[in-house]
Every structure is written in structure tokens, then in C-alpha cells.
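Given next are the chains, with one letter for each unit.
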Amino acid sequence: MDTTAPTATLQWMEENVPVSMTAEVLPFGEVTKRCGAGSATVVHGTGRIGIGRGAGYPSHFSHLLRNWLPRFWACKDDVARAGCSTIFVPSRLHALYQQVIYEFAPKWKLVGEMETAKRNGGLNVTCTHHEMLADYYKRYQHHWVSGCVSADVVFVLRTRPVADSARDPGQASGSERRYISNPQEVWQHVERASREANLTVEQVVFEQLSFRDQMRKTCTARMVVGQHGAGLGHILWSSSSRRAVLELPPWLEHWWDHMFNTNHIAHFWSGEGHFIGRDSTNNTFAKVNAVQLGEDLRRALHALGLSQKQDASLPKASGSGHRML
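Criteria and cut-off values
- Residues numbered from 1 in each chain as written.
- Predicted model: local features only at pLDDT ≥ 70, side-chain atom pairs only at ≥ 80, totals over all residues.
- Heavy atoms only, no water.
- Salt bridge = Lys/Arg side-chain N within 4 Å of Asp/Glu carboxyl O.
- Helix = DSSP H or I, 4+ residues; strand = E, 2+ residues; numbered from the N terminus.
- Buried < 20%, exposed > 50% of the residue type's maximum accessible area, 1.4 Å probe, protein only.
- Axes fitted to C-alpha atoms, helices over the stretch in contact; angles between N-to-C directions.
- Parallel < 35°, antiparallel > 145°, perpendicular 65-115°, else oblique.
- Left-handed = near helix turned anticlockwise from the far one by under 90°.
- Contact = heavy atoms within 4.5 Å.
- Nonpolar A, V, L, I, M, F, W, Y, C, P; charged D, E, K, R; others polar.
- Pairing = 2+ DSSP bridges.
- Right-handed = clockwise from strand over helix to strand, strands pointing away.
- Expected span 1.5 Å × (residues − 1).
- Arc of directions from axis to C-beta.
- Core = buried A, V, L, I, M, F, W, Y, C linked by side-chain atoms within 4.5 Å.

S.K.: Pulling in residues and values, what's your account of the pattern of salt bridges?
M.R.: Inspection of every chain in the model, using the stated rule, returns 10 salt bridges. A salt bridge links arginine 195 to glutamate 191; its shortest N-O distance comes to 3.4 Å. Of this pair, arginine 195 and glutamate 191 both sit in helix α6 (residues 183-196), four residues apart, which is roughly one turn of that helix. A relative accessible area of 47% places arginine 195 in the partly exposed class. Among the ionic pairs, glutamate 196 bridges to arginine 298, the shortest N-O distance being 2.7 Å. Taken together, the positions of glutamate 196 in helix α6 and arginine 298 in helix α10 (residues 290-303) put the pair 102 residues apart, joining distant regions of the chain. The class of glutamate 196 is partly exposed, set by a relative accessible area of 44%.

Take a look at the structure:
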């Protein structure tokens, strides 16, 4: 076994909680010893996110993609060299994390609080690998889906959700917090603008698909159109040289900027003529001005150099950055 010290900061925790202020840095030999005894690995996401607002385990999928998955990639190879192959995730989040972990670490075992406490007397190995965020985000450039072809333009559909009073609010999906109230009208204009540019187009409900199938739906996409959430982040799996996102209201400005800029993905917002309100369950909805959206999509496709009608008055996108259309 390679005994060279890994680049990650490997720590242990005395308590079976995702974050401990008493964590200590361990020598690589001790990490190897604990991994050999079955200790679970704990991976903190970036920022104060997740259960308890500081646990480092996000409870929403878009936060998982943005704040946790890049650090997991950075940590897993380091701790695997020490013999670790078990990862702790809070039990209530297993359904959210399981497919993602198995996609990128298929031999790893997922454990919750009770099993973690039994492993090696509850002594864990906590990896809080420290890199610049841009370096974390660059890791997406190595995780494209090979041998796959998707539509050029992907419209992320969110319809009004069915109320589920039993669901934990902290685990509500994106469509349970925001949705489009006139999706068919919007789809017609997205489809028309895409076909005018001789681009293939597909309407997708990501929440109905496995994580692997979600990745395949955008594997060669040029443009993803949708509301703020994990659906927009799936553009990161595309191997196309020119990629962009057109975000519909309600926006969360700048939330994706660092990640998209690092990966040379242009980010546009459809900015005019849309109505934003709240329904009886206090979810945010947008009645999108579909005609305006169609024009915004044409402008965004032009900025990427994908429009059939070139208008010299519109600037070309550089492959990163963002602006309101």
C-alpha cells in the first residue's frame, strides 16, 4: 500500500455527528488503522449547509451537486488509499445520496448513525479536504458521460406538486418549492425556438428519473432552460464545447455563478414580462410570458453562435459569465 501522506486533511470525531469542533488531524498510519478496523468516512460539504445549518450534508439536491459532491470527489481517493470504503450519511438523507455515491464510488458502502456508532467504537475518519472552490468545481470537467447523445436543448419541466403533509420540509424537492403554472405554453415556445435553430429539443422531468438517467439527459446538451435548482446544474455533465443555461423566474442570482464560470458555461436569465406569485400552500410559482421566453431563448442561442439568424447587434457569449436578457 502507498504510505505517502494524502493531500486531504484527515480528521477524527469523538461524537457521532456530522460536525465536531473537537476533530483532530490524524497521521496517515492512524487513518489506515481506523479504516482497516471499519471506521466510516465523514465528508463535509463546503459552507454552513445541511441538517442543522452546519452539518455539511445538504438536504436539497442542488446543494448536494454544488456544495458536497465536489468535495466528496476530492476526499474519496485520498481516504481510499488508506483502505476506507464506507461513508457516513445521515439516515434521513440516504435516499438523496445513495445513487450519487454509487455512481462515482460504486464499491463504497453507505451507513447511517447507528451503524457508524458501532464501527470501531465510533471512531470515524473525517475528511475536510481544503481546496479553492474553483479547484473543486473543475472536477466536473472529468465526469462527462461517454458514449451518450442527448437533445441540444433541454427544458426542465416542473409542474404544480401534489401536497404531501408527511414529507420533511427540509427534504422537499425543487418542484415543491417553485414551479411553472403554464408549462405547456412555455414548452411550445421553447420547442419552436429550438427547431428554428435546427437544434433537437426535449422536455424532461428530472425528478422522475434515476441519477444516471438524469446525467444522460444532458450529456451533449448545449442549453438547459428551467427554474433555479438542480436541473440547471445537470448542464455540467454535458461534453459540448459551448454550453449555457437560461434561468426562468424566480431566480436566485449568482448562486451558480462560480461553478458555471469555472466550467465555461454561459448563464442567462429570462428577465421580463413574467408573473411571480404564491399558491395556497405557499409554494412560489411563475406564470411565464412564453412569447418573451421564446425571444430570450433565440437571443441566448445567438450569443452561443447557435442561431440560424445572426444579428450583429447582439454580442457573442464568451462561454462564461451571465446577463439578463
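The rest of the description comes next.
S.K.: Which residues make up the packing of α6 against α10, and what values go with them?
M.R.: Contact geometry of α6 with α10 gives a least axis separation of 9 Å together with a crossing angle of 30°. In terms of orientation, α6 lies roughly parallel with respect to α10. Of the two elements, α6 crosses α10, and the hand of that crossing is right-handed. Contacts from Glu185, Val186, His189, Val190, Arg192, Ala193, Ser194 and Glu196 of α6 reach α10 at Ala290, Val291, Leu293, Gly294, Leu297, Arg298 and Leu301. In the contact of α6 with α10, the residues fall into eight nonpolar, three polar and four charged.

S.K.: Break down the pairing of strand β14 (residues 284-287) for me, with residues and values.
M.R.: Note that strand β8 (residues 178-180) and β14 share three bridges and pair parallel. Of the residues in β14, the one forming a bridge with arginine 178 is threonine 284.

S.K.: How would you explain the pairing of strand β12 (residues 265-269) if you had to name every residue and give the values?
M.R.: Taking burial as the measure, the five residues of β12 include five buried ones, the bulk of the element. Covered by surrounding structure in β12 are Ile265, His267 and Trp269 together with Ala266 and Phe268, the residues of both alternating faces. Sheet analysis places strand β11 (residues 243-248) next to β12, joined by five bridges and oriented parallel. Within β12, the residue paired with leucine 246 across the bridge is phenylalanine 268. The parallel pair β11 and β12, bridged by helix α9 (residues 257-262), forms a crossover whose chirality is right-handed.

S.K.: How would you summarise α6 if you had to cite specific residues and measurements?
M.R.: For α6, built from 14 residues, the straight-helix expectation of 20 Å at 1.5 Å per residue is met to within 8% by its first-to-last C-alpha distance of 20 Å. Buried within α6 are the following residues: Pro183, Val186, Trp187, His189, Val190, Ala193 and Ser194. Buried positions in α6, seen along its axis, are confined to an arc of 170° and lie on one side of it. Packing partners of the buried residues in α6 comprise β7 (153-156), β8, β9 (201-204), β10 (223-227) and α10. Of the residues trailing α6, asparagine 198 is marked for its positive phi of about 60°.

S.K.: Pulling in residues and values, what's your account of the nonpolar core?
M.R.: Among the nonpolar cores identified, the biggest contains 60 residues, and Trp68, Leu69, Phe72, Ile101 and Trp237 are the most heavily contacted of them. Counting residues per element, this core draws most heavily on helix α2 (residues 61-81), which supplies 10 residues. Aside from chain neighbours lying at most four places away, what touches isoleucine 101 is Trp68, Phe72, Ile87, Val89, Pro106, Trp108 and Leu110. Counting residues in hydrophobic clusters, the runner-up holds 28 residues, among them Phe155, Val186, Val201 and Met223.

S.K.: Report on the environment of valine 204, specifying residues and quantitative values.
M.R.: You can see valine 204 is positioned in strand β9. Taking relative accessible area as the criterion, valine 204 reaches 2% and is therefore assigned buried. Along the chain, valine 204 and valine 156 lie 48 residues apart, while their C-alpha atoms are 5.2 Å from each other. Apart from the residues within four sequence positions on either side, valine 204 is in contact with Val154, Phe155, Val156, Leu157, Leu209 and Lys217.

S.K.: Please give an account of helix α1 (residues 28-36) that cites residues and values.
M.R.: Structural remark: α-helix, 3.6 residues per turn; residues separated by three or four positions point the same way. Here α1 has its buried residues at Phe28, Val31, Arg34 and Cys35. The buried residues of α1 occupy an angular sector of 120° when the element is viewed end-on, so they sit on one face. Of the exposed residues in α1, the ones pointing more than 90 degrees away from its buried face are Gly29, Lys33 and Gly36.

S.K.: Could you give me a rundown of unusual backbone geometry, with the residues and numbers involved?
M.R.: Following proline 249, the chain continues to proline 250 via a peptide bond in cis, the omega torsion being -5°. Here proline 250 lies in the loop between β11 and α9. Look at asparagine 120: it is not a glycine, yet its phi comes out positive at around 50°. Relative to the assigned elements, asparagine 120 resides in the loop between α4 (113-118) and β6 (125-127). The class of asparagine 120 is partly exposed, set by a relative accessible area of 26%. In this model, histidine 264 sits at a positive phi of 60°, which is unusual for a non-glycine residue.

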